[in-house]
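Architecture at a glance
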Amino acid sequence: MIRPTSYDLQDRREAHDASPLSALAPQLASTIASVTHDVALVIGADGVIHSVACGHGAGLAAADGWEGRPWADTVVGTSRRKIELLLQEALEVGLARRREVNLAAGSVDDIPIAFSAVRLGSRGPVLAVGRDLREVATMQQRFVAAQDELERDRWRQRQSETRYRTLFEVATDAVFVVDAVTLGIVDANAAAVRLYDLAPDQMAGKRVTIGLDRAARAAVEEMLGAASATGRAREMRVRLAGRRVTTRLSATPFRSDGALLLLVRATAIDPTDEGDEAATQFVALVERTPDGIVVCDAQGRVRIANAAFARLAGADPNDDLRGEPLAQWLQPSYGNVNYLLAQVRRHGIVRAARATLSGRPPGSDAVEVAAMLLPDEDDLAIGLVLRQVDAAHPAVLTEHLAAALAHVSAQLGLAPLPTLMQELAQLAEGHLLLSALERSGGVHAAAADLLEISADDFDARLKAQHLDDGALPAGSAAG
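Conventions used here
Residues numbered from 1 in each chain as written. Predicted model: local features only at pLDDT ≥ 70, side-chain atom pairs only at ≥ 80, totals over all residues. Heavy atoms only, no water. Helix = DSSP H or I, 4+ residues; strand = E, 2+ residues; numbered from the N terminus. Areas by Shrake-Rupley, 256 points an atom, 1.4 Å probe, with all protein chains shown as cover. Core = buried A, V, L, I, M, F, W, Y, C linked by side-chain atoms within 4.5 Å. Buried < 20%, exposed > 50% of the residue type's maximum accessible area, 1.4 Å probe, protein only. Contact = heavy atoms within 4.5 Å. Phe/Tyr/Trp six-rings, centres within 6.5 Å; stacked < 30°, edge-to-face > 60°. Pairing = 2+ DSSP bridges. Axes fitted to C-alpha atoms, helices over the stretch in contact; angles between N-to-C directions. Salt bridge = Lys/Arg side-chain N within 4 Å of Asp/Glu carboxyl O. Polar contact = N/O pair within 3.5 Å; in protein donor to acceptor, adjacent residues only side chain to side chain. Lys, Arg positive; Asp, Glu negative; His and termini not counted. pLDDT = per-residue confidence, 0-100.

**Description of the overall build of the protein chain**
A count of helices and strands for the protein chain gives 15 helices and 16 strands. Here the protein chain displays about 27800 Å² of accessible surface, and carbon together with sulfur accounts for 53% of that area.

Take a look at the structure:
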């Protein structure tokens, strides 16, 4: 480090020689404070404050008791060294560089101040002028908060884009991604291609109204423009071009890579369909389906549950399950219910997760759970569909049946095809009879209903195949 020579220091002392102002130090401090609205101090060579002057807007109540105190005692411990260096530099050189310190303000937060100091002559006092930095600190905090909010917005946008992409891929309805400015199709799923009856290469870049009735295109473009301008989803009914097919067209704006896009969904509906009737039919379907359907909030509390869910969970279908924690019945094969719901909130949809239900009969197998986020204006909602999965399902081959089929296959070349086909038919019938019996809990009448035959016919078939003891047909057991 190059140290200043005595000649350099002498030049700086002479350049800042303010000896004539030494006697006027208190008045000078008062004048400076009134002009800058901050604080000015007159300090002796021993570092003790002789006088204090505050501007009208300074707001430094603590400064009233500074006179007669060492300057270093007015700041917090971490700033004392800065004050000592600032005073030393002013006494040695005549002019001290600007330093930022924190004033001790008692019960309130420390006050950031930027001090500069000048010595008024070789034997005069030091005049220190402080600039309140609270407004600057506030602006910096606002800037940091704004940066954090931007980062959160970017994260929410990435989550939204991922959710839209997932729904785009799994949706059974026609879904288009449309440029909000040109209304050109950016992407379309397979259902959209089928609905418009156009090849994929014919759709890219075309206006989304290309497959709609000409009379409705202007209204659709107006609806899409309104969705882009307001940032809110819009919906309307429109007929497809050249066909008597009516669709419910909805548009939801979102951003991707800085560009404004529209997620356009087209759902084919019957032209005579009425909204209330469709809603009634949907509710009836949910209530009658054998799959358990439940809607819960973000904390996993049940909002709606159909009768099938109550039966799967071992609850009374007439009980009101609203407000009950889903975790008391559902146990995913990995993690817990909270982990499953967190995955849904993160990805928008979880498909084919395995779980068990505490209320199911002993020996029952797992259920398969599909879950996804649901639109809700007031709060987050998550829908779950639970489907029973067990070995009694007709599509699942038991080990015994697989062994029996292998036995029949081994007879190729040893028996004619009609004989082999007759044995296979007998094996398949026996498997279905036992599967129905297992699913119905051993009740023959219920098993017969599953197969849509009479109870007498069911018993007769069991007896004919020698399945009264629950074994597979005798021919299948042979080695």
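**With respect to the nonpolar core**
Counting residues in each nonpolar core, the largest one holds 27 residues, and the members touching the most others are Phe309, Leu326, Leu330, Val369, Ile382, Leu384 and Leu386. Listed by contribution, the elements that provide at least two residues to this core are strand S11 (292–297), helix H9 (307–313), helix H10 (337–347), strand S14 (349–357), strand S15 (367–374) and strand S16 (381–388). Apart from the residues within four sequence positions on either side, Phe309 is in contact with Gly292, Ile293, Val294, Leu321, Leu326, Trp329 and Leu386. Ile185, Val208, Ala216 and Leu262 belong to the second-largest nonpolar core, a separate cluster that totals 25 residues.

**Section: the packing of aromatic side chains**
Inspection of every chain in the model, using the stated rule, returns two aromatic pairs. On the numbers, 5.8 Å between centres and 90 degrees between planes, the contact of Phe309 with Trp329 is edge-to-face. Of this pair, Phe309 sits in helix H9 while Trp329 is found in the loop between H9 and strand S13 (330–332), placing the two residues 20 residues apart along the sequence. Of the two residues examined, Phe309 and Trp329, each falls in the buried class.

**Digging into the sheet that holds strand S6 (residues 174–179)**
Read across the sheet, five strands follow the order S7-S6-S10-S9-S8 without closing on themselves; strand pairing throughout is antiparallel. Across the chains shown, the open sheet's two edge strands, defined by having one partner strand only, are strand S7 (185–188) and strand S8 (234–239). Taken pair by pair, the neighbouring strands of this sheet meet at an average axis angle of 25 degrees, ignoring direction. Pairing analysis gives six bridges linking S6 to strand S10 (residues 259–269), with the strands arranged antiparallel. The residue bridging Val175 from the neighbouring strand is Arg265, located in S10.

**Digging into the pattern of salt bridges**
Tallied over the full model, the rule gives twelve salt bridges. Across the salt bridge formed by Glu89 and Arg99, the nearest N and O atoms sit 3.7 Å from each other. Highlighted residues: Glu89 in helix H3 (residues 80–93) and Arg99 in strand S3 (residues 95–103), separated in sequence by ten residues. The two residues Glu89 and Arg99 agree in class, both being buried. Between Glu429 and Arg461 there is a salt bridge, with its nearest N and O atoms 3.2 Å apart. Taken together, the positions of Glu429 in helix H12 (residues 417–439) and Arg461 in helix H14 (residues 455–464) put the pair 32 residues apart, joining distant regions of the chain.

**Things to note about the pairing of S16**
Of the pairings in the sheet, the one linking S11 to S16 comprises six bridges and is antiparallel in character. Within the sheet, the bridge partner assigned to Asp297 lies in S16 and is Ala381. Where S15 meets S16, eight bridges bridge the pair, whose relative direction is antiparallel. Each bridged residue has a counterpart across the sheet, and for Val369 the counterpart in S16 is Leu386.

**What to know about the sheet that holds strand S5 (residues 126–132)**
Each strand in a sheet pairs with another by means of backbone hydrogen bonds, the pair being arranged parallel or else antiparallel. The sheet built from five strands is open, its strands ordered S2-S1-S5-S4-S3 with antiparallel pairing. Lying at the two open borders of the sheet, with one neighbouring strand each, are strand S2 (49–54) and S3. This sheet shows a mean twist of 20 degrees between the axes of neighbouring strands, independent of strand direction. Bridge count for strand S1 (residues 39–43) against S2 is five bridges, and the pairing is antiparallel. Looking at the pairing, Val39 lines up with Cys54 of S2. In the packing of H3 onto the sheet, the strands contacted are S1, S3, strand S4 (111–119) and S5, and the crossing angle to S3 comes to about 160 degrees.

**Overview of the side chain of Asp291**
Following the sequence through the fold, Asp291 ends up in the loop between helix H8 (275–288) and S11. Residue classification places Asp291 among the buried residues on the basis of a relative accessible area of 12%. Within the local environment of Asp291, its side chain forms a polar contact with the side chain of Arg387, the two groups lying 2.8 Å apart. Contacts of Asp291, omitting those with residues within four sequence positions, involve Asn306, Ala308, Val385, Leu386 and Arg387.

**Observations concerning unusual backbone geometry**
With phi around 60 degrees, Leu183 is a residue other than glycine that occupies positive phi space. By secondary structure assignment, the location of Leu183 is in the loop between S6 and S7. Taking the relative accessible area as the measure of exposure, Leu183 reaches 8% and is therefore buried. Here the phi dihedral of Glu452 falls at roughly 60 degrees; this positive angle occurs in a residue that is not glycine. Inspection of the secondary structure assignment puts Glu452 in the loop between helix H13 (444–451) and H14. Here Glu452 falls in the exposed class, since its relative accessible area comes to 72%.

**With respect to the side chain of Arg217**
Structurally, Arg217 is set in helix H7 (residues 214–230). Among buried Asp, Glu, Lys and Arg side chains, Arg217 stands out as unpaired, with Glu221 the closest opposite charge at 7.2 Å. Those residues in contact with Arg217, other than ones at most four positions away along the chain, are Thr209, Ile210 and Leu212.

**Focus: the confidence of the model for the protein chain**
Here the protein chain averages 76 in pLDDT, while 74% of its residues score no lower than 70. Every residue in residues 1–15 is under pLDDT 50, and counting partners more than four places away or in other chains gives seven contacts. When the criterion is pLDDT under 50, residues 391–397 qualifies, and its contacts beyond four places in sequence or with other chains add up to twelve contacts.

**Observations regarding the environment of Thr78**
As for its placement among the helices and strands, Thr78 is situated in the loop between S2 and H3. A residue is classified by how much of its surface remains accessible, and Thr78, at 69% relative accessible area, is exposed. Between the alpha carbons of Thr78 and Val101 there is a distance of 8.4 Å; along the sequence they are 23 residues apart.

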